[in-house]
Amino acid sequence: MAKTANPLKGYLRSPKLYITLPSGGKFSNIQSISDISAELPICALTSMDETILRNPDALLNGESLVKVIQSCTGIKDVYELTSNDVDVILLAIRYATYGNDLGIVAACPECSNVNDVTVNIEPILETVNELEDSYDVTLESGLQCFIKPYTFRDSQRAALAAFRETSELNNLINDNADDLAKLATFNKSFIAMAELNIEILSSAVIKVIIPATDEDEEQEVKNHKHILEWIKGINKSEADMIINELNTINDLGVTRETTVTCEKCAHEYETRLEFNPSTFFETGS
Ligand SMILES: [Zn+2]
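Every value quoted in this text rests on a predicted model; they were computed, and no experiment measured them. (Residues numbered from 1 in each chain as written. Predicted model: local features only at pLDDT ≥ 70, side-chain atom pairs only at ≥ 80, totals over all residues.)

Some words on helix α4 (residues 83-98)
Link 1 in the chain: Under the 1.5 Å per step criterion, the end-to-end length of α4 is 22 Å for 16 residues, consistent within 8% with the ideal 22 Å.
Link 2 in the chain: Burial within α4 is extensive, with 15 of its 16 residues counted as buried.
Link 3 in the chain: The first or second residue beyond α4 is Gly 99, which carries a positive phi of 95°. (Helix = DSSP H or I, 4+ residues; strand = E, 2+ residues; numbered from the N terminus. Expected span 1.5 Å × (residues − 1). Buried ≥ 20, exposed ≤ 12 C-beta atoms within 10 Å, placed from the backbone.)

What to know about the nonpolar core
Link 1 in the chain: The biggest cluster of nonpolar side chains holds 29 residues, and the ones touching the most others in it are Ile 42, Ile 69, Ala 92 and Ile 93.
Link 2 in the chain: The biggest single contributor to this core is α4, with nine residues.
Link 3 in the chain: If we skip the residues at most four places from it in the chain, Ala 92 touches Leu 17, Ile 19, Ile 42 and Leu 125.
Link 4 in the chain: Listed in part, the 12 residues of the second largest apolar core include Cys 145, Leu 201, Ile 227 and Leu 246. (Core = buried A, V, L, I, M, F, W, Y, C linked by C-beta atoms within 7 Å. Contact = placed C-beta atoms within 7 Å.)

Overview of helix α6 (residues 152-174)
Link 1 in the chain: With 23 residues, α6 extends 33 Å from end C-alpha to end C-alpha; this agrees with the ideal 33 Å at 1.5 Å per step.
Link 2 in the chain: Along α6, the positions that sit buried rather than exposed are Phe 152, Asp 154 and Gln 156.
Link 3 in the chain: Residues of α6 that are buried make contact with α3 (62-73), α4 and α7 (179-203).

Section: the pairing of strand β5 (residues 135-138)
Side chains on a regular strand alternate between the two faces of the sheet.
Link 1 in the chain: Here four bridges tie β5 to strand β6 (residues 144-147), and the two strands are oriented antiparallel to one another. Counted as the bridge partner of Val 137 is Cys 145 from β6.
Link 2 in the chain: Hairpin connection from β5 to β6: five residues lie between these consecutive antiparallel strands, with Gly 142 at a positive phi of about 95°. (Pairing = 2+ DSSP bridges.)

A closer look at the pairing of strand β4 (residues 114-120)
Link 1 in the chain: Two elements, strand β3 (residues 101-107) and β4, share seven bridges in a ladder whose sense is antiparallel. Looking across to β4, one finds that Ile 104 is bridged to Val 117.
Link 2 in the chain: What sits between the antiparallel neighbours β3 and β4 is a turn of six residues, in which Ser 112 has the positive phi angle 55°.

The following block contains the structure:
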């Protein structure tokens, strides 16, 4: 059945700006790569989007952020975006809705005066740089491990797990159970958290290359089950090498540091802009 064309269609909000995303379509499982490899239109929040973001649970509930990003960009498969792309999109939506100025607070490391700082968003969006085609670390064992930035799904899972752990800890402290029972509950939640972290870590590993030896040729492992089993069993220093590289990659694509001059002692210091919807949207109105 043909729908009647809405005569108001031409009066919907139009994009405020166009941005390029750090991933440029790399590392995504998104069906229509063209959605994110070209210039991406960014619309301002609708009043409905604003209401969704005002919900105190919106931060924890990835679904609300997904809805807002879908509404302002038209991207359908938001969970599959790299977290680098999502950071830039949220900043651009903030710009489209509330303008160039973003107020943050940053304590001075010299005199601990808390400075109110206004950050200009436009120059940050102009310095978005594209991610490399691939990232890898060579481990002590000689294995070459190829990794990709977190997807929005991964970063949401990690944030939710960290939140759950904190709230479970708080519940435990206030619980009347005896200490032994508390310890058992804590251990259980701690193990669940560790397992989830391993899972998230292994989903960031694309492939592992076993170097050639005198007897065997170089071998490439892409099987995800094999990779998960391997990650579970590697030593801590190797896991840390992968995690460090991942943390670096997850921060790429956009400048997160800004220079602040202290109003009280004139000390110059760097502060980090948190790419966090509560920073971007709570103070916006
Ligand atoms: Zn100071």
